[in-house]
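Spelled out, the chains give:
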Amino acid sequence: LDVEVQQVTTSTEALDFLRIRNYLLVITDFDRQGSPTAGITFAGQVAAQTATPPVIGYVGSSQAGMARPAHFFGVTNRPDHLMHLVCDVAQREGS
């Protein structure tokens, strides 16, 4: 698996990168920048763009029993589930 990671710290910075490069997927936390829903808002902004990679939420606490927010391919707080989600996207996208 050939993986390149672009780490950013703000939604604005991430959206700027998404405008100039194509990415297989995006991983974000929900709670960022002092807002518990910043990642959810960001996923909506990603979905509004022309070429939209799948967004995976990697969160700090269990989301069991909660509905998956709109615009998310998947959400998890477990590293093993995160890897499964990443591999699922890669397989679906033909990588």
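As a reminder, the structure under discussion sits directly above these lines.
Residues numbered from 1 in each chain as written. Predicted model: local features only at pLDDT ≥ 70, side-chain atom pairs only at ≥ 80, totals over all residues. Heavy atoms only, no water.

**Quick look at the sheet that holds strand β3 (residues 74–76)**
Line of reasoning, step 1. The strand order across the open sheet built from three strands is β1-β2-β3, with neighbouring strands paired in parallel fashion. Edge positions in the sheet fall to β1 (26–28) and β3, since each has one partner strand and no second. The average angle at which neighbouring strand axes cross in this sheet is 20°, direction not considered.
Line of reasoning, step 2. Looking at chain direction, strand β2 (residues 55–58) and β3 are connected through three bridges and run parallel. (Pairing = 2+ DSSP bridges. Helix = DSSP H or I, 4+ residues; strand = E, 2+ residues; numbered from the N terminus. Axes fitted to C-alpha atoms, helices over the stretch in contact; angles between N-to-C directions.)

**What about the packing of aromatic side chains?**
Line of reasoning, step 1. Within the structure shown, the criterion is met by one aromatic pair.
Line of reasoning, step 2. When the ring of Phe30 is compared with that of Phe72, the centres are 5.1 Å apart and the planes differ by 65°; the resulting orientation is edge-to-face. One end of the pair, Phe30, is in the loop between β1 and α2 (38–47); the other, Phe72, is in the loop between β2 and β3, with 42 residues separating them in the sequence.
Line of reasoning, step 3. Judged by its relative accessible area of 9%, Phe30 is buried.
Line of reasoning, step 4. Residue Phe72 is classed as buried on the basis of its relative accessible area, which comes to 5%.
Line of reasoning, step 5. The ring of Phe42 carries Arg32 above its face, with NZ or CZ at 5.4 Å from the centroid. (Phe/Tyr/Trp six-rings, centres within 6.5 Å; stacked < 30°, edge-to-face > 60°. Buried < 20%, exposed > 50% of the residue type's maximum accessible area, 1.4 Å probe, protein only. Lys NZ or Arg CZ within 6 Å of the ring centre and 35° of its normal.)

**Some points on the pairing of β2**
Line of reasoning, step 1. As paired elements, β1 and β2 share three bridges and run parallel to each other. Its bridge partner being in β2, Val26 is matched across the sheet by Val55.
Line of reasoning, step 2. At this point the chain moves from β1, through α2, to the parallel β2, and the crossover so formed is right-handed. (Right-handed = clockwise from strand over helix to strand, strands pointing away.)

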